[in-house]
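Below are the chains, spelled out letter by letter.
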Amino acid sequence: MRRTALIGLAGLLAGCAPAPSTPMQGVRTDLESRLGTRGAMSCTVTAKLIPSCGAWWGIAPDIFTGRRVDEATVRAERRMGRRADIVHVYHRGEELFPTPTERRVADGRRLLLINWKPSMTVSWADVANGAVDQRIDTLAAYIKRTFPSRFFLTIHHEPENDVRLDGGYSAEDYVAMFRHVVTRLRGRGVTNAVTVMTYMGAPNWATKPWFDKLYPGDDVVDWIGIDPYADGRVHDFASLVNKTRPDHPQWPGFYRWMQSRFPGKPIMLSEWGAFERPQMPQFKPEFYASVARQISEFPQIKALVYFDSPAAPRGDTRFDSTAAADRAFSSLAGGPYFSGTQVPTS
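As a starting point, this report considers the structure included with it. In this text, all values refer to a predicted model and were calculated from it rather than measured experimentally.

Let's talk about the side chain of Ser239
Here's step 1: Here Ser239 lies in helix H9 (residues 237–241).
Here's step 2: One polar contact links Ser239 to Asp236, side chain to side chain, over a distance of 2.9 Å.

Structure, rendered in structure tokens:
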């Protein structure tokens, strides 16, 4: 099945030159002087935002710090020495998006990855049966009125640890909820949302008997996302995206599974990060260096969106927690694999 995956995405893997870049209004001069300019673009982007060269470079900036996303984005870009292609933001319930601040972040220069949980109190089954239809319709009208550009949309990401066999939270209920939300948004004119189904990327959940029933269907899913983190079982990028566990010996790793299950779908690391290891100060720089060495071995991965936080639930994922980590991450971010495609303006 690996050969099938490579053939299915062969048209997206042509070589290319880097693309031009400009930062957010208000920090143009300072950031441009640090970033320099990029060469002429020769790469392309499909209607579903799949880049023909390499992969998008994205970030969820300064999570759990209280900084506004525009300030956090500029700060992250200064720290890593380049503009982000994708900025990951989070919403729930009745919140309308993109907010004015998020629209300024996008500004024709960045893609938004919007993570939305339609309800924190209504079950998946009830959402599928119309319990929040007014909320969906209000959101659809807001998006049509305020944001015509394409954006990524993931709906109730990482559902695995929320699955229950009763109470309206089964795998089948998740599928019904996801399908209902997407089809209702589309039916009310939201045709600019590129949908992402986001898995946790953890082997223990992937071996549950209901796991294969979670997928909503090709017609409502444009990209497949996973959220892997470099815990103690991970030593390099390959072991991050194909994480296994001795207590689940039959699990092949997420990338291998996705190659087989979704050979024609682009893959996004919609969250990824490396936890600080106080006893191994070289881990982060060595791990980031492994991404640069190994990313070309995983051509179905078309976007990496780093989760940058000093207080993630399981540790510090800041990419610049040490000077050595900062240098390695900035080198990775500025490399040609992540610099070849210009963000589309519409």
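The discussion continues.
Observations concerning the state of the cysteines
Here's step 1: The final tally for this structure, using the stated rule, is one disulfide.
Here's step 2: The residue that forms a disulfide with Cys43 is Cys53, at a sulfur-sulfur distance of 2.2 Å. Across the S-S bond linking Cys43 and Cys53, the dihedral sits near -95°, which makes this disulfide left-handed. With a gap of 10 residues between them, Cys43 in the loop between helix H2 (28–35) and strand E1 (56–60) and Cys53 in the loop between H2 and E1 connect regions that are remote in the sequence. The pair Cys43 / Cys53 is uniform in exposure class, with both members buried.

Concerning the pattern of salt bridges
Side chains carrying opposite charge are able to pair once their charged atoms draw close together.
Here's step 1: What the rule picks out here adds up to 21 salt bridges.
Here's step 2: Put simply, Lys213 and Glu172 hold a salt bridge, and the shortest N to O gap is 3.8 Å. Taken as a pair, Lys213 in the loop between helix H8 (203–206) and strand E6 (223–226) and Glu172 in helix H7 (residues 171–187) lie far apart in primary sequence, 41 residues in all.
Here's step 3: For Glu172, a relative accessible area of 45% gives the class partly exposed.
Here's step 4: Residues joined in a network through salt bridges with shared partners are Asp62, Arg67, Arg75, Arg79, Asp308 and Asp320.

Quick look at the nonpolar core
Here's step 1: With 79 residues, the main nonpolar core has Tyr199, Phe237, Trp272, Phe287, Tyr288, Ile301 and Leu304 as its most contacted residues.
Here's step 2: The greatest single-element share of this core, amounting to seven residues, is contributed by H7.
Here's step 3: Residues within four places of Trp272 in sequence aside, it is in contact with Trp57, Pro228, Tyr229, Leu240, Phe287, Val291, Leu304, Val305, Tyr306, Phe307, Phe329 and Leu332.
Here's step 4: In terms of nonpolar packing, the next biggest core, distinct from the first, is built from 14 residues, Leu49, Phe152, Val196 and Val343 among them.

What counts and how
The residue numbers shown here count from 1 along each chain, following its written sequence. Restriction of local features to residues with pLDDT of at least 70 applies here, the model being predicted, together with a cutoff of 80 or more for giving and counting side-chain atom pairs; totals for whole chains, interfaces and linings are based on all residues. Hydrogens are left out, water is left out, and the side-chain values use all remaining heavy atoms of the structure. Secondary structure counts use DSSP, requiring at least four H or I residues in a row for a helix and at least two E residues in a row for a strand, with both numbered from the N terminus. The term polar contact refers here to a pair of N or O atoms within 3.5 Å; inside protein, the definition further demands a hydrogen-donor-capable atom paired with an acceptor-capable atom, and it admits residues adjacent in sequence only when both atoms are side-chain atoms. To count as a disulfide, a pair of cysteine sulfur atoms needs to be within 2.5 Å. In this scheme, a residue with accessible area under 20% of its type's maximum is buried, one over 50% is exposed, and one in between is partly exposed, where area comes from a 1.4 Å probe on protein chains only. Any Lys or Arg side-chain nitrogen located within 4 Å of an Asp or Glu carboxyl oxygen qualifies as a salt bridge. In this description, a nonpolar core means a group of buried Ala, Val, Leu, Ile, Met, Phe, Trp, Tyr and Cys residues linked to one another through side-chain atoms lying within 4.5 Å. Two residues qualify as a contact provided that any one of their heavy atoms is within 4.5 Å of a heavy atom in the partner residue.

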